[in-house]
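Structural overview for review
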Amino acid sequence: MSRTAVSERVRLFGIRHHGPGSSRSLLAALDEWEPQAVLVEGPVEAESLVPHLLDPEVRTPVAMLLYAKDTPRWAAYYPMADFSPELQAFRWATLRSVPVRLMDLPATSMLGLNVVGGRGSEAMDRIAEVAGFDEVEDWWEHLVEHRSDPHELFAGIESLMGALRESGMEIDVDGDDEEEEEPDERRKVSSDEFEAMREAHMRRTLRQALAEGYERVAVVCGAWHVPALKHLPHAREDDALLRGLPKVKVGATIVPWTFERLTFASGYGAGARSPAFYDLLWRTPPEEVPSQWLLSVARLMRSEDLDASPASVIEAIRLADALASLRGRPRPGLRELRDSANSVLIRHEAIWRLIGRRLIVGDRMGKVPDSIPMIPLQADLAALQKRLRMKVDDTDRRLELDLRGEMDLERSHLLHRLALLEVTWGRAEQVVGKKGTFHEHWRIQWRPELTISLIESSIYGNTVAGAATARAVELAAHASSLADIAVLIERVLLADLQEAVEPTVNKLQALSATSTDTGELAEALPPLAAVVRYGTVRRTESERVVPVLDAIFTRLCVGLPRACVSLDDDAASAMAGRLDLVSGVVRLFDAPEKTAEWLSTLESITQLRGGHALVAGKAERIRFDLGAVDGEHLALRLGQEASFGATAHDTAAFLEGLLDGPGAILLHQQALFQAIDDWVTGLDGAVLDEILPLIRRTFSLFTKPERRQIGERVTGGRSLTAKVVGIDEGRAMRVLPVVRRILGLPHE
Amino acid sequence: MNDSLLRQHAEQAYATELAELAKSDDRPRPPNWKLSPWAVATYVLGGTLENGFSVTPKYIGKRSLVEVAIATLATDRALLLLGVPGTAKTWLAEHLAAATSADSTLLVQGTSGTSEETLRYGWNYAKLLAEGPSRAALVPSPIMRAMADGKIARVEELTRIPSDVQDALITVLSEKSLPIPELNDEVQAAKGFNVIATANDRDRGVNDLSSALRRRFNTVHLPLPETLEEETEIVQQRAAEIGRALELPAKPPALEDITRLVTIFRELRDGMTLDRKVKLKIPSGTLSTAEAISVLNNGLAMAAHFGDGRLRASDLASGLTGSVVKDPTQDSLAWKEYLETVVKERGDWKDLYRACRELL
């Protein structure tokens, strides 16, 4: 293999992604050498994003996002914080009008490949670990302090990485990246092949820059790649590696990122473990870092009403210094600061979680201005968010909407529309009490990956409303069960998607007409009823649903009695649940003719031959609750069920259905109470043993005070006079010798 | 040094190591320190010197804890070692004092009867009456002597000392001076002076430190050993050392015996078997590592004097039962349960099971 050493015209700057120490050394080196072109690791498609990245309105952290236009979930993020060397390289070059090239494998090919085996973590982390540092930045500082000029430092890194690659050291290729094998039609490549392709492309870009005649070319890339760029093999060899790569259409944009997310490995295959601390390292002169950090700890503690005096901060700084010199470090790193804070300042372990969140990882979220290239759907959402004055950030906040107000109603529509698109920005919460009719409570939290979901949804349309409508229509077309479509209708109406109402209602009609399963009909009822009930507040087109709802209700009333025959215990308890569902709806309707229809249905259920006792009991209870029958009737019915014709098991089931609900019924219905009492006391001992668990279960559903009152009534002697039955005198006598001894009486 | 001593101070027992360290130690030493902080760390944690001399570890556990402790001694603040009984607080304090000031004897033992004189100074009353107040009539406390010489003073069981007496330390620690109003004089601390206090946080609340005093201390919390291996190593090493000191003619115990003992202690302490399958009742005693060491030594003594010189299950059983069963009713129930459900089920623990059963 013929190799030409990369001439004096090229310098390789091996960096650690997100390393503030790297950034600082890099800038010093660039200032000193003044390259004419800067090549940075990253796909070429991101080049157009660089000017936007440097927009003064951008607040880091942000990430460059590259995605396949046809399949947006094939995507790669390149997160950047202020302390990222890549961002600093961009800034340095742009300020001096030096051309910037991105030299990694183009996203058009990269996104078309399915890399198996996960991507390697960063070489530096491993080496720092081996060197006995548990924070890479400490190690870097250590390294930098011992080298006088940056050039020497980068040369050192180069030879270190060279030796590592020669020795074949595995750089922690962890396989758990690929949790589940999603069906993926992309070409599979191993991570080794993939790395080879990337490096081939980096060399190709470098060759090109040299061919263009730049005299000083700076290459900024992850340290691991440096040895691969040191020698340029013949262009043909690299061309062979890069032949026949897939080509997908690529979109590119910038999305807000968070410090917390920086801790995960992503596009650069490297995460920063302590972004907030790195940020401090970057912004603060090295000698002030310990005091700044410990002061922040003290401030944080004071804000939590914990003691942290200035004197103790001074002590903590001293201890950190002493620790650093004991450990042979030039100055305290995060580890020393943590140890010292732990010993001097902190008396409660719990505060560490807070310190970790605020001062080590950090809770900052980036921001991008509207001028960033966005797909139309994104732009539409951004405009809506602005108009509706909704804050987009990753703090989990509560949003209370009063739907009587125009603004809040629109906000609600937006959240419901996004939910249909599976952009789950908000989660609706149950609202209890009277407010429920015109209030919605949400928890909203914007996570960066929602941007991907949004981009994925762009196949449905270019506006949020349009896309949500198209998505709802698609869902309606594919819906196969009545319950699904009923829920969908509710969602469509809540999202105020006028154009989707017609197709979904038509589908509902079609499905309900053919459905014979009363269970399904019953379950479809509540969401539809809710739609009709709250329609006027929300100004939805609920009147379209009314006829369908009426039809379903009628069908249910006709079909239910037949469906209650020949049920086993499980089916019966499911059926009892459905009767409750429908009753709830009937109560919601508050329409006399519907109530009458329902009552007559229930009556026929109670009179069924071969009906399950549980269902019958339930039906009687509902009739009682709706005021159709009185306590005397229930007592009579229980008497019938408890008579000789029925087994005790059936009676217990009937009782279970009857008493399912507030136990107060037993306290206020003297006749019913008496009937149960008579039945229980009249049971044969053996039978009682058998059905006792059933009765127990029934009564256990009552609240404690109810049970206590019932118990008081039983023992109060109003209905039951305690009868003393058969004392075993022989056994009772056995205790007497002991009693005698206790009392000191003579033996018999 | 005298071989007939029952127990040697750390600086006597490890004199060779300290001398070797001092010889090869070329790092800067804080004023009046006998070794550099780095060498103190090596002395405590063990290691091999450049000349190949190997230093035995005195404390087995987290390195960073020891480093924080040593770094603290080099700052303005005093060191407070906290932990449940038997976590090597006193042990570590003694070795730190031995390594930094070559003197671990400046010790005040805290009790509920400790008076201010014990912490500050007392009087030789015969002289006081005969000559009136003078420096010659003054009896300095270990702390006063440490201040004068720039050495480390130790206060054991700080929280057992009554609160008002504890607070006598505040002036010492903040002003670094001990006033003697009777003589209109004071003793100012020489460089190198510091205090190592130990306190037991299981009986916390006995006499909790006032926040003013607390502020003068950096706290290092010593945990129970993290892993079975670590704890086994500690027990093995200490038992061997004590065995040597007591001149026990027994053979050193087999590693399995120690592992078995430590396993029992850890399981009962955590209320859970090591495989986390069986929950156990937790006895009331502390079951610390120190307790395990003493059970082992007790067993070795039994084996040496009443057995054939080899440690057998029966030699361990009495010490073991004694240290687990502190409360005759509750603990013996927990112990019996443990024997029946755990010890009995382990195939190669039959001998131990039988030996312990016999004692119940």
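Residues numbered from 1 in each chain as written. Chains lettered and ligands numbered in written order. Predicted model: local features only at pLDDT ≥ 70, side-chain atom pairs only at ≥ 80, totals over all residues.

Tallying secondary structure elements over chain A gives 35 helices and 14 strands in all. Expressed as a percentage of its 748 residues, the buried residues of chain A come to 42%. Long-range pairs, those at least 24 residues apart, make up 79% of the contacts in chain A with a sequence separation of at least 6. (Helix = DSSP H or I, 4+ residues; strand = E, 2+ residues; numbered from the N terminus. Buried ≥ 20, exposed ≤ 12 C-beta atoms within 10 Å, placed from the backbone. Contact = placed C-beta atoms within 7 Å.)

For the rest of this paragraph, the subject is the overall build of chain B. The number of helices and strands found in chain B is 17 helices and 11 strands. Looking at chain B as a whole, 43% of its 360 residues are labelled buried.

Below, the discussion takes up the nonpolar core. Inside soluble globular proteins, nonpolar side chains tend to come together where they are buried. Judged by nonpolar contacts, the single largest core of 258 residues is most densely connected at Val219(A), Val220(A), Ile489(A) and Leu96(B). Tallying contributions element by element places helix 14 (residues 310-326) of chain A first for this core, with nine residues. Contacts of Val219(A), omitting those with residues within four sequence positions, involve Val10(A), Arg11(A), Leu12(A), Phe13(A), Leu39(A), Leu206(A) and Leu229(A). Counting residues in each nonpolar core, the second largest holds 30 residues, with Ile234(B), Val262(B), Ala304(B) and Ala317(B) among its members. (Core = buried A, V, L, I, M, F, W, Y, C linked by C-beta atoms within 7 Å.)

On to the interface of chain B and chain A. Listed as interface residues are 17 residues of chain B and, on the opposing side, 12 residues of chain A. Of all the secondary structure elements, the ones that give two or more residues to the side of chain B that touches chain A are helix 3 (37-45), helix 4 (63-73) and strand 11 (217-221) of chain B. The element best represented in the side of chain B that touches chain A is helix 4 of chain B, accounting for six residues.

The next point concerns the pairing of strand 8 (residues 177-180) of chain B. All names here are of chain B. In this sheet, strand 9 (residues 185-188) lies alongside strand 8 in antiparallel orientation, the contact comprising four bridges. Its bridge partner being in strand 9, Leu178 is matched across the sheet by Val187. Between strand 8 and strand 9, which pair antiparallel and follow one another directly, the connecting turn spans four residues, one of which, Asn184, has a positive phi of 50 degrees. (Pairing = 2+ DSSP bridges.)

Time to look at unusual backbone geometry. Most of the time, phi is negative for any residue but glycine, and the peptide bond is trans. Residue and element names in this part refer to chain A. Residue Pro61 follows Thr60 across a cis peptide bond; omega there is 0 degrees. Note that Pro61 resides in the loop between helix 2 (50-53) and strand 4 (62-68). For Glu34, which is not glycine, the phi dihedral falls at a positive 50 degrees. On the secondary structure map, Glu34 appears in the loop between helix 1 (20-33) and strand 3 (37-43). On the neighbour-count criterion, Glu34 (10 C-beta atoms within 10 Å) is exposed.

Low pLDDT marks stretches whose predicted atomic positions should not be read closely. All names here are of chain B. For chain B, mean pLDDT is 87; residues scoring 70 or higher make up 98% of the total. Per-residue pLDDT, averaged within each element of chain B, yields its smallest value for helix 12 (residues 228-245) (82) and its largest for helix 8 (residues 142-149) (95). With pTM at 0.67, the complex prediction returns an ipTM value of 0.78. (pLDDT = per-residue confidence, 0-100.)

Residue and element names in this part refer to chain A. Strand order across the open sheet formed by three strands is 12-14-13, with antiparallel pairing between neighbours. At either end of the open sheet lies a strand with only one pairing partner, and these are strand 12 (397-402) and strand 13 (426-429). Averaged over neighbouring strand pairs, the angle between their axes works out to 30 degrees when direction is ignored. Sheet analysis places strand 12 next to strand 14 (residues 439-444), joined by six bridges and oriented antiparallel. Paired with Leu401 across the strands is Glu440, a residue of strand 14. (Axes fitted to C-alpha atoms, helices over the stretch in contact; angles between N-to-C directions.)

Before going further, it helps to spend a moment on the sheet that holds strand 7 (residues 152-156) of chain B. Residue and element names in this part refer to chain B. Across the sheet, which stays open at both edges, the five strands sit in the order 4-7-10-3-11 with parallel pairing between neighbours. Looking at the sheet topology across the chains shown, the edges are occupied by strand 4 (107-109) and strand 11. Taking the axes of each pair of neighbouring strands and ignoring which way they run, one obtains an average angle of 20 degrees across the sheet. In terms of strand pairing, strand 4 meets strand 7 through three bridges, oriented parallel.

A few words on the packing of helix 26 (residues 592-606) of chain A against helix 27 (residues 613-625) of chain A. Residues and elements named next belong to chain A. Contact pair helix 26 / helix 27: the axes reach a minimum separation of 9 Å and the direction vectors enclose 145 degrees. You can see that helix 26 and helix 27 cross each other, and the crossing is left-handed. Mapping the contact onto sequence places Leu599, Leu602, Ile605 and Thr606 in helix 26 and Val615, Ala616, Ala619, Glu620, Ile622 and Arg623 in helix 27. (Left-handed = near helix turned anticlockwise from the far one by under 90°.)

A word on helix 12 of chain B. Residues and elements named next belong to chain B. Counted at 1.5 Å a residue, the expected span for helix 12 with its 18 residues is 26 Å, and the 26 Å between its end C-alpha atoms agrees. Taken together, the buried positions of helix 12 are occupied by Glu231, Thr232, Ile234, Val235, Gln236, Arg238, Ala239 and Gly243. Those residues of helix 12 that are buried are in contact with helix 13 (255-270) and helix 14 (289-306). Phi for Glu247, located one or two positions after helix 12, is positive at around 55 degrees. (Expected span 1.5 Å × (residues − 1).)

Here the focus is the packing of helix 14 of chain B against helix 15 (residues 313-324) of chain B. Residue and element names in this part refer to chain B. At a minimum axis distance of 8 Å, the contact between helix 14 and helix 15 shows a crossing angle of 145 degrees. Considering only the axes of helix 14 and helix 15, their crossing is right-handed. Packed against helix 14, whose contacting residues are Glu291, Val295, Asn298, Gly299, Met302 and Ala303, the element helix 15 presents Asp315, Leu316, Gly319, Leu320 and Ser323 at the interface. Its residues assigned to classes, the contact of helix 14 with helix 15 comprises five nonpolar, four polar and two charged. (Nonpolar A, V, L, I, M, F, W, Y, C, P; charged D, E, K, R; others polar.)

The subject of this paragraph is the confidence of the model for chain A. Residue and element names in this part refer to chain A. For chain A, the average pLDDT comes to 81, and 89% of its residues sit at 70 or higher. The spread of mean pLDDT over the elements of chain A runs between strand 1 (residues 3-5), the lowest at 52, and helix 3 (residues 85-95), the highest at 94. Contacts from residues 172-181, a stretch scored under 50 in pLDDT, to residues over four places away or in other chains number 16 contacts.

Residues and elements named next belong to chain B. Given a rise of 1.5 Å per residue, 13 residues ought to cover 18 Å, and the 18 Å separating the end C-alpha atoms of helix 5 (residues 89-101) matches this to within 8%. Of all 13 residues making up helix 5, 11 are buried, and the element is well covered by its neighbours. Taken residue by residue, helix 5 has Lys89, Leu92, Ala93, Glu94, His95, Leu96, Ala97, Ala98, Ala99, Thr100 and Ser101 as its buried positions. In the stretch just after helix 5, Ala102 is the one whose phi turns positive, near 55 degrees.

Turning to the pairing of strand 3 (residues 78-83) of chain B, a few remarks are in order. Residues in a regular strand project their side chains so that they alternate between the two faces of the sheet. Residue and element names in this part refer to chain B. The buried fraction of strand 3 is high, at five of six residues. Bridge count between strand 3 and strand 11: five bridges; the pairing is parallel. The residue bridging Ala78 from the neighbouring strand is Phe217, located in strand 11. One ladder, built from five bridges, connects strand 3 with strand 10 (residues 194-200); its direction is parallel. Bridging from a neighbouring strand, Leu80 pairs with Ala197 of strand 10.

Residue and element names in this part refer to chain A. One can find Trp257 in the loop between strand 11 (250-256) and helix 11 (259-262). On the basis of neighbour count, Trp257 is assigned to the buried category, with 28 C-beta atoms found within 10 Å. Once the C-alpha coordinates of Trp257 and Tyr78 are considered, the two residues, 179 residues apart in sequence, prove to be 9.9 Å apart.

Glancing now at the environment of Arg203(A). All names here are of chain A. Mapped onto the elements, Arg203 comes out in helix 8 (residues 191-211). Counting along the chain gives 25 residues from Arg203 to Ala228, while the straight-line C-alpha distance between them is 8.3 Å. Those residues within four positions of Arg203 in sequence are excluded, and the remaining contacts are Leu229, Leu232 and Asp238.

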